[in-house]
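Okay, here's what each chain looks like letter by letter:
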Amino acid sequence: MSTSTRDSAETPRPALRTGRWQLPTGRATGRRARRAYRRALRRWGLGSAADELADQLTALVQDVLARSPMRGRGAIDLRLELRASARMLLGEIHPLPARPGAGDQAEGGAGGRGIIVITYGRRPGRRGAGARYVHRFTWWRTDSITTD
């Protein structure tokens, strides 16, 4: 009787894929941003799903920015992370601080961060075809804790 033990070094973990973009808020949801997101998702191995997920991501970034205290001012830092084993994209949006000497100092004072989560996959169907699904979540989280 032989026993087999698997060492964690023998089973490779899926590589974590991350991307980061620093963009003015107006350009974060434009065509150029959508193409950049799509290129990154394709490079990360998402294939044909990259197009739909890039569209979803662009819409979610726009939604988060519209509901944030930033309201279209200033620039953002968008960090995106792919957790392929969980079929999940995680995004985090931070307002960038205003440049020294900028006219509107409120740009960098929005405080908080936007969170984006997209889960995706394919549901099995009868006779093997199946259908793709995408679930999307967004929220703005303030960095300070408030009590009533």
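Values in this document were obtained by computation on a predicted structure and should not be read as measured data.

Draft legend 1. View of the packing of aromatic side chains. A full pass over the atoms with the stated rule returns 1 aromatic pair. Measuring from ring centre to ring centre gives 5.1 Å for Trp-21 and Tyr-37, while their planes differ by 80°; the resulting arrangement is edge-to-face. With a gap of 16 residues between them, Trp-21 in strand S1 (residues 17–24) and Tyr-37 in helix H1 (residues 31–43) connect regions that are remote in the sequence. Grouping residues by exposure puts Trp-21 and Tyr-37 together as buried.

Draft legend 2. Summary view of unusual backbone geometry. Unlike most non-glycine residues, Arg-87 shows phi in positive territory, near 50°. Mapped onto the elements, Arg-87 comes out in the loop between strand S2 (75–83) and strand S3 (88–95). With relative accessibility at 44%, the residue Arg-87 sits in the partly exposed group.

Draft legend 3. Geometry of the pairing of strand S4 (residues 113–123). Burial runs high along S4: 8 of the 11 residues are buried. Examined bridge by bridge, S3 and S4 share 6 bridges and lie antiparallel to one another. Among the inter-strand pairings, Leu-89 is bridged to a residue of S4, identified as Ile-118. Strand direction decides the pairing type here: S4 and strand S5 (residues 131–141), joined by 11 bridges, are antiparallel. Note on S5: the bridge partner recorded for Ile-118 is Arg-136.

Draft legend 4. View of the nonpolar core. The biggest cluster of nonpolar side chains holds 29 residues, and the ones touching the most others in it are Tyr-37, Leu-41 and Val-61. For this core, the secondary structure elements donating two or more residues are S1, H1, helix H2 (49–67), S2, S3 and S4. If you tally residues by element for this core, the top one is H2, at 9 residues. Dropping the residues within four chain positions of it, Tyr-37 is found in contact with Trp-21, Leu-23, Ala-28, Ala-54, Leu-57, Thr-58, Val-61 and Leu-78.

What counts and what doesn't
- Residues numbered from 1 in each chain as written.
- Predicted model: local features only at pLDDT ≥ 70, side-chain atom pairs only at ≥ 80, totals over all residues.
- Heavy atoms only, no water.
- Phe/Tyr/Trp six-rings, centres within 6.5 Å; stacked < 30°, edge-to-face > 60°.
- Helix = DSSP H or I, 4+ residues; strand = E, 2+ residues; numbered from the N terminus.
- Buried < 20%, exposed > 50% of the residue type's maximum accessible area, 1.4 Å probe, protein only.
- Pairing = 2+ DSSP bridges.
- Core = buried A, V, L, I, M, F, W, Y, C linked by side-chain atoms within 4.5 Å.
- Contact = heavy atoms within 4.5 Å.

Worth remembering: the numbers are spatial, not functional.
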